[in-house]
Amino acid sequence: MSERADSAANHGFSSLSLRPELLQVLTELGYSQPTPIQTQAIPAILAGQDIMAGAQTGSGKTAAFALPILHKLTEPLLRLDEKNEQQPEAPSCSQVSGIRALVLTPTRELALQVHGSFVKYAKQTQLKSALVYGGVSIDAQAQILAAGVDILVATPGRLLDHLRRGSMSLSELEFLVFDEADRMLDMGFKDEIDAIVKQLPKTRQTLLFSATFDDSIYGLSQSLLRDPKRIEVGERNAAAVEIEQRVYAVDSDRKLALITHLIESGKLQQVLIFSRKKVAADKLAANLTKAGIGAQAFHGDLSQGAREKVLQSFKDGEVRVLVATDVAARGIDIIDLNYVVNYELPYKAEDYVHRIGRTGRAGNKGVAITLLCREDEHLLEEVEVVLDKRLPQQWLAGFEPDLTKSVDTPRKGGRNAHKQRAKKRANGGRRGR
Ligand code: AMP
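Residues numbered from 1 in each chain as written. Predicted model: local features only at pLDDT ≥ 70, side-chain atom pairs only at ≥ 80, totals over all residues. Heavy atoms only, no water.

(A) Local environment of the sheet that holds strand 14 (residues 393–394). Overall, parallel pairing links the seven strands, which are arranged 10-11-9-12-13-8-14 in an open sheet. Strands with a single pairing partner mark the edges of an open sheet, and in this sheet they are strand 10 (295–298) and strand 14. For strand 8 (residues 243–249) and strand 14, the ladder comprises two bridges, and the chain directions are parallel. The residue bridging valine 247 from the neighbouring strand is glutamine 393, located in strand 14. (Pairing = 2+ DSSP bridges. Helix = DSSP H or I, 4+ residues; strand = E, 2+ residues; numbered from the N terminus.)

(B) Seen up close, the pairing of strand 5 (residues 175–178). Of the two faces of strand 5, the one carrying Phe175 and Val177 and the one carrying Leu176 and Phe178 are both buried. Inspection of the sheet shows strand 2 (residues 101–104) paired to strand 5 by four bridges, in the parallel sense. By the bridge assignment, valine 103 is partnered in strand 5 with valine 177. Of the pairings in the sheet, the one linking strand 5 to strand 6 (residues 205–210) comprises four bridges and is parallel in character. The partner of valine 177 across the bridge, within strand 6, is leucine 207. (Buried < 20%, exposed > 50% of the residue type's maximum accessible area, 1.4 Å probe, protein only.)

(C) Up close: the packing of helix 16 (residues 349–356) against helix 17 (residues 377–387). Contact geometry for helix 16 and helix 17: axes closest at 8 Å, N-to-C directions at 70 degrees. Our classification of the angle between helix 16 and helix 17 gives roughly perpendicular. Counting all contacts with helix 16, which are made through Ala349, Glu350, Tyr352 and Val353, the residues of helix 17 involved are Glu382, Val383, Val386 and Leu387. For the contact of helix 16 with helix 17, a count of residues per class yields six nonpolar, no polar and two charged. (Axes fitted to C-alpha atoms, helices over the stretch in contact; angles between N-to-C directions. Parallel < 35°, antiparallel > 145°, perpendicular 65-115°, else oblique. Contact = heavy atoms within 4.5 Å. Nonpolar A, V, L, I, M, F, W, Y, C, P; charged D, E, K, R; others polar.)

(D) Examining the packing of aromatic side chains more closely. For the structure shown, the criterion picks out four aromatic pairs. Put simply, the rings of Phe65, Phe118 and Phe209 touch in pairs and so form one group of aromatic residues. Geometry around phenylalanine 213 places arginine 230 over its ring, the cationic atom sitting 5.5 Å from the centre. Residue placement shows arginine 276 over the ring face of tyrosine 347; its charged tip is 4.3 Å from the ring centre. (Phe/Tyr/Trp six-rings, centres within 6.5 Å; stacked < 30°, edge-to-face > 60°. Lys NZ or Arg CZ within 6 Å of the ring centre and 35° of its normal.)

(E) Looking closely at the nonpolar core. Counting residues in each nonpolar core, the largest one holds 41 residues, and the members touching the most others are Ile51, Phe65, Ile69, Phe118 and Phe209. Setting aside residues no more than four positions away along its own chain, phenylalanine 118 makes contact with Phe65, Ala66, Ile69, Leu70, Val103, Ile151 and Val153. Among the nonpolar cores identified, the runner-up in size contains 33 residues, and Met52, Leu102, Leu173 and Ile193 belong to it. (Core = buried A, V, L, I, M, F, W, Y, C linked by side-chain atoms within 4.5 Å.)

(F) Just helix 8 (residues 156–165), in detail. For helix 8, the complete set of buried residues consists of Pro156, Arg158, Leu159, Leu160, His162 and Leu163. The elements touched by buried residues of helix 8 are strand 2, strand 3 (129–132), helix 7 (138–146), strand 4 (151–154), helix 9 (181–186) and helix 10 (190–197). Once helix 8 finishes, glycine 166 follows within two positions and takes phi at roughly 75 degrees, a positive value.

(G) Summary view of unusual backbone geometry. In this model, aspartate 227 sits at a positive phi of 40 degrees, which is unusual for a non-glycine residue. For aspartate 227, the location among the structural elements is in the loop between helix 11 (215–224) and strand 7 (229–232). Residue classification places aspartate 227 among the exposed residues on the basis of a relative accessible area of 72%. The backbone phi angle of aspartate 388 is positive, close to 60 degrees, even though this residue is not glycine. Along the chain, the position of aspartate 388 falls in the loop between helix 17 and strand 14.

(H) Spotlight on helix 12 (residues 255–265). Taken together, the buried positions of helix 12 are occupied by Lys255, Leu258, Ile259, Thr260, Leu262 and Ile263. For helix 12, the elements touching its buried residues are strand 8, strand 9 (271–274), helix 13 (278–290), strand 11 (321–324), strand 12 (339–342) and strand 13 (366–372). Positive backbone phi, approximately 50 degrees, marks lysine 267, located one or two places after helix 12.

(I) Expanded view of the side chain of threonine 370. If you trace the backbone, threonine 370 turns up in strand 13. Residue threonine 370 is classed as buried on the basis of its relative accessible area, which comes to 0%. Apart from residues lying up to four places away in sequence, threonine 370 is in contact with Arg246, Val247, Tyr248, Asn342, Leu345 and Tyr352.

(J) The pattern of salt bridges, seen in detail. This structure, assessed with the given rule, holds 16 salt bridges. Across the pair arginine 307 and glutamate 109 runs a salt bridge, and its minimum N-O distance is 2.9 Å. With arginine 307 in helix 14 (residues 304–315) and glutamate 109 in helix 6 (residues 108–121), this residue pair connects regions lying 198 residues apart in the sequence. For the pair formed by arginine 307 and glutamate 109, the shared burial category is buried. The salt bridge involving arginine 165 is made with aspartate 139; its shortest N-O contact spans 3.0 Å. Taken together, the residues arginine 165 in helix 8 and aspartate 139 in helix 7 connect sequence positions 26 residues apart. Look at aspartate 139 and you get partly exposed, because its relative accessible area is 45%. In this structure, a network of salt bridges that share partners links the residues Lys61, Asp179 and Glu180. (Salt bridge = Lys/Arg side-chain N within 4 Å of Asp/Glu carboxyl O.)

(K) The arrangement of the packing of helix 8 against helix 10 in detail. In contact at an axis separation of 9 Å, helix 8 and helix 10 are set at 40 degrees when each is read in the N-to-C sense. In this view, helix 8 runs oblique relative to helix 10, as classed from their interaxial angle. Read as a crossing pair, helix 8 and helix 10 show a hand that is left-handed. Residues Pro156, Gly157, Leu159, Leu160 and Leu163 of helix 8 form the contact with helix 10, whose own contacting residues are Glu192, Ala195 and Ile196. Tallied by class, residues from the contact of helix 8 with helix 10 come to six nonpolar, one polar and one charged. (Left-handed = near helix turned anticlockwise from the far one by under 90°.)

And the structure:
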């Protein structure tokens, strides 16, 4: 047995029938066991099925689709070689011209991250991957596409620009992946998706990944997937179990003092704080910095270059706190991120699931802290409906809310929460299908 095959045989992934070349890369990366989504999705994709998977960021979903796609994209070479009755040393390059796999992502950060994963996993193959997203020169991307690409990771708007310019053809596409499909629809990409899909061959394998499911996702899946295998790891819309969720009740004007205290007293490093608005993110980052805690804002007003720089200094530990808005934070992948803070709860309860999915990734323990002022109590109620569990509130000594203060409680009683609860009851406890 060769050294390569030997390392594959001892691998937790070996029962999934992936090529030794891919297994070897996984060993090098220190992936010893497949995550639950990988265990379920990889054999189904290898068997040629469409899939619709409920998987959150942090579940290992990127490898769940990237590995079987890479496995299958390197197949033609083996078939060609069967004639010679000699197995090739390693699957090397694609024998087919044109883009064969397309991954659509809602944001450029996620596109960068997914592309990075493909590059990592495809190290031992000669498959070429490329990345296209908006906000940077389209000509440079067109040149890369013209040179020939097997795998393309793209955001929908920019991909459509390229298709309109004729920079590439998708007529030979074999695999279409929607990553974070829910967010893509939330961000209003439905028309772009429809326009892109019109240009794809009907015979293809389509894989849809989404952290949350609602009627619009089911609608999309019905028009795009063929008899998909449904995969759900854990409770749908539920936060990963490794995440400890804490809710501190606090007056809104004491939040800064409380978060400063929590970071300093807990000696917290690498804290991702969510704020609802860009202006608030800027202000909070400035206030934390003033209080001696290195912080940077991370939102859509920053140029692509500035975002990458900020993210890198956060990853490198030069910046202790990142204050991000929901859209900007999609796709942030930091393995050791242990703390996520909801400085304000999101208006959309599903965003809570996305936010806290930034921590506790691939089995690491994470803590999600919510600072809850009374004005936002109805939002917590909506989060509890989505999670289908109560999140008990606690008071921290010295930061107790002043209950004598009168507060504005918009949409008192969580009208939306009641509506969702009623729908859930009607569906026997589950939303949608
Ligand atoms: P994802 O959910 O695809 O964003 O992946 C989350 C993180 O888990 C990434 O940093 C991956 O590199 C890592 N990861 C994926 N699969 C595994 C695995 N089987 N073992 C260890 N880490 C993994």
